Amino acid sequence: MKPYLLLLFVTLFFLSGCLKFNHDDVSKVPTTPSNNTFKLEIKGLTDINIASQHSISNWYRAYSSVLYWKYLISSNISLQYNLLDSANKYQVEYFADNTWIRKNSLIYDSSNFEVFLYSTIEADSSILWEMFLSENQNNTYLVLQGYTSKNKKQGNWYFYKYVFKPISVLKVDWLYTDTSLRIIYSNIYEISDKFGSNLLVEYLSDPSKNSSYNILINLNNSDFTATTKIEIDSTTKQGRIYDSIYFNDTLWHYWNSNFENIP
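Residues numbered from 1 in each chain as written. Predicted model: local features only at pLDDT ≥ 70, side-chain atom pairs only at ≥ 80, totals over all residues. Heavy atoms only, no water.

Draft legend 1. Summary view of helix α4 (residues 78-85). Among the 8 residues that make up α4, 6 are buried, leaving the element largely enclosed by the rest of the structure. Looking at α4, one finds that the buried residues are S78, L79, Q80, Y81, L83 and L84. Tucked into the core, α4 has its buried residues touching α3 (58-76), β2 (99-108), β3 (111-121), β4 (127-135), β5 (140-148) and β6 (154-162). (Buried < 20%, exposed > 50% of the residue type's maximum accessible area, 1.4 Å probe, protein only. Helix = DSSP H or I, 4+ residues; strand = E, 2+ residues; numbered from the N terminus. Contact = heavy atoms within 4.5 Å.)

Below, the structure written as structure tokens:
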């Protein structure tokens, strides 16, 4: 085979391989991870009506301990938080270079938003996620970024708010094991009074033989070194809290399924 024909053959073979890898293949469209990987919904610590009736209980101390994290989300990133929750319902289109785009439009707080969620298959088969918003047909801006591992057992999310430029507010690291889903919420909002604090929530699929608690919580506050620990039975809603600063001791403090203190 003449050299130029060989070069042409190799070039065409290489291009055909690239086109095959980059074509619109529905089977390759990445699916968004479960909303369990970022949603802060702790069964047993969500009923506001109960909170008003048990404001001096051990349960209320546990409830109020995670309330800050709910506020961080609702006051800064509630829109993109909810958009990611519903992303699987968006229209999917092939974009380019192993990247797909999900599109959506909505009206939020009297503004018209266009949503663009990109998912890119990286060289190591992990997935890069990037969400952009356009408000009232203005320029798009970044509100979310994350990675999903090749086996979809772990990943992270970075949530941003936009004040003249994207500002990182919350990082969420998640990991599936054989027995649990472990999530760490980190406050990376630099102007926040609790910048550097984190909340670890672990949902156990198989509680230990010595305990029925299947939700384990650790709170580390940046303004002091003590750690608050909370353990909950998601079925009965009973639980316990360890908070050496608030209770001024190193004991567990319990509540029953009626959210009342257990002596």
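Draft legend 2. Spatial organisation of the packing of aromatic side chains. What the rule picks out here adds up to 15 aromatic pairs. Where F38 meets F159, the ring centres are 6.3 Å apart and the plane angle is 55°; that geometry is what we call tilted. Note that F38 is positioned in the loop between α1 (3-22) and α2 (48-53) and F159 in strand β6, a separation of 121 residues in sequence. Judged by its relative accessible area of 0%, F38 falls in the buried class. Judged by its relative accessible area of 0%, F159 is buried. Judged by centre distance (5.9 Å) and plane angle (55°), the rings of Y242 and W252 are tilted. Pair noted here: Y242 is in strand β12 (residues 239-242) and W252 is in the loop between α5 (244-247) and β13 (253-255), with a separation of 10 residues, a long-range link. The class of W252 is partly exposed, set by a relative accessible area of 25%. What links up through ring pairs into an aromatic cluster is the set F38, Y81, W157 and F159. Sitting over the face of the ring of Y68, K194 holds its NZ or CZ atom 4.6 Å from the ring centroid. For R240, the ring lying beneath its charged end belongs to W252, and the centroid distance is 4.0 Å. (Phe/Tyr/Trp six-rings, centres within 6.5 Å; stacked < 30°, edge-to-face > 60°. Lys NZ or Arg CZ within 6 Å of the ring centre and 35° of its normal.)

The quantities given are spatial measurements derived from coordinates; they are silent on function.
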